[in-house]
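# Structural description and commentary
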Amino acid sequence: MIVENQRETFAKALQQAKTVGVLTGAGLSAESGVPTFQDPENGLWQNHNPEEVATYEGFEKDPDNVWQWYRTARQRISSVKPNQGHQVLARLSQRLPNLKLITQNIDGLHQTAGHEGVIEFHGNINENWCSRSGATVSVDNMSDQAPACPNCGHLVRPGVVWYGETINKDLIEQSFDIAKECDLFVTVGTSSMVSPAATLIYHALSENAQFAEINPQPTIFSHKASWTFRLGASQALRDIEKLV
Ligand code: NAD
């Protein structure tokens, strides 16, 4: 439960905020069974070097290896369901139309929970992009090898942002606008170590937004937070829903 002395002030901030920015990360989906990078039991990354399967260089070197790794990840994620944390955020967005959600997660669970208008900062594992133009293309996600783009014949890659790649310009702009405009910025289940997503927190703080963190563990931004909810995401969000 959210401790009593945080409840009243946070309820007030939530109710009074004109815009609430929310940044979610892997910790939220961990409660659905999608492992975080730091999870010691992390079967997804075990025996796989991120440089091989999560960089463009790795894809250029061995596109089929990367494609097959994502095929396995897609299969695993297809059986995963949104948890109460995703559901509370979807409901809150209906009640607070100025709640703007940015997610670093690529699993699509916010949308499955019925959340509309989600900014997917790092893409979506179920999408595919042409490796030449970057356009979203429709191909068979379960094919054995990296398929050819139906428009130009170049290889198709999974629709996620890899290490060393830049985020889509429109998404960056939308996200930074939210961080700059919001009165309250809330992070949920993110280590706040991955940039540029983490720099959104700096932008929100520099424009005098109040900041709340939901994470069982402290992060490098905890000392900047007006509220630190040391709870799992679902528990904290269920408590928060009762405040509005
Ligand atoms: P991270 O793995 O760096 O950090 C996860 C954070 O979640 C940690 O700080 C941890 O203390 C916290 N956490 C663990 N259990 C929690 C719970 N029950 N409730 C709330 N918080 C909890 O994740 P990140 O900050 O999102 O950054 C990692 C990158 O990895 C992101 O770019 C993301 O795209 C990618 N990623 C995505 C997924 C996914 O789509 N589900 C999974 C793994 C990694």
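Refer to the preceding data block for the structure.
Residues numbered from 1 in each chain as written. Predicted model: local features only at pLDDT ≥ 70, side-chain atom pairs only at ≥ 80, totals over all residues. Heavy atoms only, no water.

## Observations concerning the overall build of the protein chain
How we decide: Under the DSSP-based scheme used, a helix requires at least four consecutive residues in state H or I and a strand at least two consecutive residues in state E, with every element numbered from the N terminus. Throughout, the radius of gyration refers to the C-alpha atoms, and the reference size of a globule is 2.2 Å times the residue count to the power 0.38. Note on contacts: a residue pair is in contact if any heavy atoms of the two residues lie within 4.5 Å. Areas reported as accessible are Shrake-Rupley estimates using a 1.4 Å probe. Residue values count occlusion only from the protein chains shown.
Counting its regular elements, the protein chain contains ten helices and eight strands. Taken over C-alpha atoms, the radius of gyration comes to 18 Å for the protein chain, in line with the 18 Å a tight globule of 244 residues would show. Its C-alpha atoms give the protein chain principal-axis dimensions of roughly 55 × 35 × 30 Å. Here the analysis covers contacts within the protein chain between residues at least 6 apart in sequence; of these, 65% occur between residues at least 24 apart. Total accessible area on the protein chain is roughly 12000 Å²; 47% of this is exposed by carbon and sulfur atoms.

## Examining the layout of surface pockets
Space left empty within the atom packing is revealed by a probe, the size of a water molecule, rolled over the atoms. To keep things clear, this is the line we draw: Only protein atoms enter the 1 Å grid, on which a cavity is a set of points fitting a 1.4 Å probe that cannot get out and a pocket is an open set with protein on both sides within 12 Å along at least 5 of 7 lines, lining residues being those with an atom within 4 Å of a point. Grid points are joined across faces, edges and corners, and a volume is the space filled by probe spheres set on the points. Here the nonpolar group is Ala, Val, Leu, Ile, Met, Phe, Trp, Tyr, Cys and Pro; Asp, Glu, Lys and Arg are the charged ones; every other residue, Gly included, is treated as polar.
Estimates place the volume of the largest pocket at around 1100 Å³. Around the largest pocket, the lining comprises 47 residues; the ones closest to its centre are A26, T36, F37, N105 and V194. Every element with two or more residues in the lining of the largest pocket is listed here: α2 (26-30) and α5 (63-78). Of the residues in the lining of the largest pocket, the class split is 26 nonpolar, 17 polar and four charged. A volume near 410 Å³ is recorded for the second largest pocket. Taken together, 21 residues make up the lining of the second largest pocket; nearest its centre are W129, G134, V161, N168 and L171.

## Looking at unusual backbone geometry
For the record, the criterion: Burial here depends on accessible area, computed with a 1.4 Å probe over protein chains only, as a share of the maximum for the residue type. Under 20% is buried, over 50% is exposed, and the range in between is partly exposed.
The omega angle of the peptide bond from S195 to P196 is 10 degrees, so this bond is cis rather than trans. Notably, S192 is not glycine yet its phi reads approximately 60 degrees, a positive angle. Among the secondary structure elements, S192 is positioned in the loop between β6 (184-188) and α9 (199-206). Judged by relative accessible area, which is 3%, S192 ranks as buried. Positive phi values are uncommon outside glycine, yet N208 reaches one of about 70 degrees. Residue position: N208 is located in the loop between α9 and β7 (210-214). Judged by relative accessible area, N208 falls into the exposed class, the value being 69%.

## What about the state of the cysteines?
For the record, the criterion: Here, two cysteine sulfur atoms that lie within 2.5 Å of each other are counted as a disulfide.
Under the counting rule described, the total for this entry stands at zero disulfides. There is no disulfide at C130, and the cysteine sulfur nearest it, in C152, is 3.5 Å away. On the basis of relative accessibility, which here comes to 29%, the residue C152 falls in the partly exposed class.

## Some remarks on the site of the ligand
Defined as follows: Note on definitions. A residue lies near a molecule or strand when any single heavy atom of the residue is within 4 Å of it. Polar contacts, as used here, are pairs of N or O atoms within 3.5 Å; protein pairs need one atom able to donate a hydrogen and one able to accept it. Residues neighboring in sequence count only if both atoms are side-chain atoms. Each molecule is checked against the cavity or pocket grid, and it sits inside if more than half of its atoms lie within 2 Å of the grid points.
Around the ligand, a shell composed of 25 residues is seen, among which E31, Q104, D107, T190 and S191 lie nearest. A distance of 2.7 Å is found between an oxygen atom of the ligand and a side-chain nitrogen or oxygen belonging to H122. Within the backbone of G189, an N or O atom sits 3.3 Å from an oxygen atom of the ligand. Within the complex, the protein chains bury 89% of what would otherwise be the 850 Å² of accessible surface of the ligand. Mapping the ligand onto the cavity grids shows that it belongs to the largest pocket. Considering each element in turn, the shell around the ligand owes the most residues, three residues, to α2. Its residues placed into classes, the shell around the ligand shows eight nonpolar, 15 polar and two charged.

Interpretation in functional terms is not warranted from these geometric data alone.
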